[in-house]
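# Tertiary structure, described
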Amino acid sequence: MEMNFNQHISGQFNADLEGIRNSMMAMGGLVERQVANAIEAITTGDSRVADDVIRREDEVDKLEVEIDQECTQILVRRQPAASDLRMVLAVSRVVRDLERIGDEACKIAIHTLEMGDQKNNPLCQQAMRYMGAEVVKMISGALDAFTRHDMDGAVDVVRNDKLVDQQYASALRELITYMMEDPRSISQAISILWILRAIERIGDHARNISEQVIYLVKGTDVRHSSLTEIEAQAQKK
């Protein structure tokens, strides 16, 4: 009887862990769509898409609260150890970054509406398209790496964050030049700056999610580590 009881407890615990992981992935799918739609809104000037992104932000916030509560309950009831504890902590950290990605997507949508007729201006359109497409791929790659415990995939996301940062720096130089040549453009350029900044921050949060893959698999906290240090940790046996 005791064996059956223990097996039941173990089985329920595994179901709890699988539950929070699945909830996190569902939230990740929603957030990924939010970002893709926000980029579509700013690059096409579609205010209806922007409105939808803003409207669905509450769903993202609700999911963060629900999953965080589930993680807390597991910690209290199960008192997990070793790799199970890492899974719960990693999920809790990932949903925090997903919520912040949702916030940044909402900011992009809000700026799209605020810019009005100016949103079709070609200034930095190429940068927004490139950076936007890249961060959407980074979110997808980070979540996939988490599911598969794929450290190589996680490191690829960190590498791609460097590329997004470089594109962001290049776009900033373009904006500064534009404002110097035409001071009347400053207001519009600042709005574009905030959009580019939001996209760059999304890349940072996708990187954070990938860092949790290293923590999940290795038990090593690589937050605030350089790319070289993260690559080294991923290669350790």
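Description of the structure in this document. Along every chain, residues carry numbers that run from 1 in the direction the sequence is written. It should be noted that, the model being predicted, local features are given only for residues of pLDDT at least 70 and side-chain atom pairs only at 80 or more, the latter also being counted only at that level, while totals for whole chains, interfaces and linings use all residues. The basis for the side-chain values is all heavy atoms of the structure; hydrogens and waters are excluded.

### A short note on the side chain of Glu57
Segments assigned H or I by DSSP are reported as helices when at least four residues long, segments assigned E as strands when at least two residues long, and all are numbered from the N terminus. Looking at the element boundaries, Glu57 is found in helix α3 (residues 57–78). The contact definition used throughout considers only heavy atoms, calling two residues in contact when any of these lie within 4.5 Å. Ignoring anything within four residues of it in the chain, the contact list for Glu57 reads Gln34, Glu99, Gly102, Asp103 and Cys106.

### Description of the nonpolar core
Proteins that are soluble and globular tend to have nonpolar side chains buried together. Counting 69 residues, the largest nonpolar core has Val35, Val91, Leu98, Ile108, Phe146 and Leu196 as the members making the most contacts within it. At the level of secondary structure, the elements contributing two or more residues to this core comprise α1 (2–44), α2 (47–55), α3, α4 (82–115), α5 (125–148), α6 (151–181), α7 (186–218) and α8 (227–235). The residues touching Ile108, leaving out its near neighbours within four places in the chain, are Ala38, Ile39, Ile42, Ile195, Ala198, Ile199 and Ile202. Residues grouped as a nonpolar core are buried Ala, Val, Leu, Ile, Met, Phe, Trp, Tyr and Cys residues, joined through side-chain atoms within 4.5 Å. Partly exposed describes any residue whose relative accessible area lies between the buried limit of under 20% and the exposed limit of over 50%, with all areas from a 1.4 Å probe on protein chains only and scaled to the type maximum.

### A few points about the side chain of His111
Secondary-structure assignment places His111 in helix α4. Sequence-distant contacts of His111, defined by excluding residues within four places in its chain, comprise Ser191, Trp194 and Ile195.

### Points about the layout of surface pockets
In this analysis a 1.4 Å probe is tested at points of a 1 Å grid over the protein atoms alone, and where it fits but cannot get out there is a cavity; an open set with protein on both sides within 12 Å along at least five of seven lines is a pocket; lining residues have an atom within 4 Å of a point. Grid points are joined across faces, edges and corners, and a volume is the space filled by probe spheres set on the points. Approximately 170 Å³ is the volume found for the largest pocket. Lining of the largest pocket is provided by Arg93, Arg96, Asp97, Arg100, Arg201, His205, Asn208, Glu211, Gln212, Arg223 and His224. Secondary-structure elements contributing two or more residues to the lining of the largest pocket are α4 and α7. With five residues, α7 is the largest single contributor of residues to the lining of the largest pocket. Here the lining of the largest pocket is built from residues that sort into no nonpolar, four polar and seven charged. Residues are sorted three ways: Asp, Glu, Lys and Arg are charged, Ala, Val, Leu, Ile, Met, Phe, Trp, Tyr, Cys and Pro are nonpolar, and all the rest, Gly among them, are polar.

### A few points about α6
Helix span, expected: 1.5 Å multiplied by one less than the number of residues in the helix. The terminal C-alpha atoms of α6, which comprises 31 residues, lie 46 Å apart, in line with the 45 Å expected from a rise of 1.5 Å per residue. Listed in full, the buried residues belonging to α6 are Met151, Gly153, Ala154, Val155, Val157, Val158, Asp161, Val164, Tyr168, Ala171 and Leu175. Against α5, α7 and α8 lie the buried residues of α6. Whenever a nitrogen or oxygen atom comes within 3.5 Å of another N or O atom, the pair is scored as a polar contact, on the condition that within protein one atom can donate a hydrogen and the other can accept it, and that pairs from neighbouring residues in sequence are kept only if both atoms are in side chains. Where α6 begins, one side-chain oxygen reaches toward the backbone nitrogen of Asp152, 3.2 Å away; that side chain belongs to Asp150.

### Some words on the packing of α6 against α8
Helix axes use the C-alpha atoms of the stretch in contact, all axes being lines fitted to C-alpha atoms, and the angles between their N-to-C directions lie in the range 0 to 180 degrees. The interhelical angle for the contact between α6 and α8, taken along N-to-C directions, is 170 degrees, at an axis separation of 10 Å. In this view, α6 runs roughly antiparallel relative to α8, as classed from their interaxial angle. Contacts from Met151, Val155, Val158, Arg159 and Lys162 of α6 reach α8 at Leu227, Ile230, Glu231 and Ala234. Grouping the amino acids of the contact of α6 with α8 by side-chain chemistry returns six nonpolar, no polar and three charged. Should an angle fall under 35 degrees it is called roughly parallel, over 145 degrees roughly antiparallel, and 65 to 115 degrees roughly perpendicular, with every other angle called oblique.

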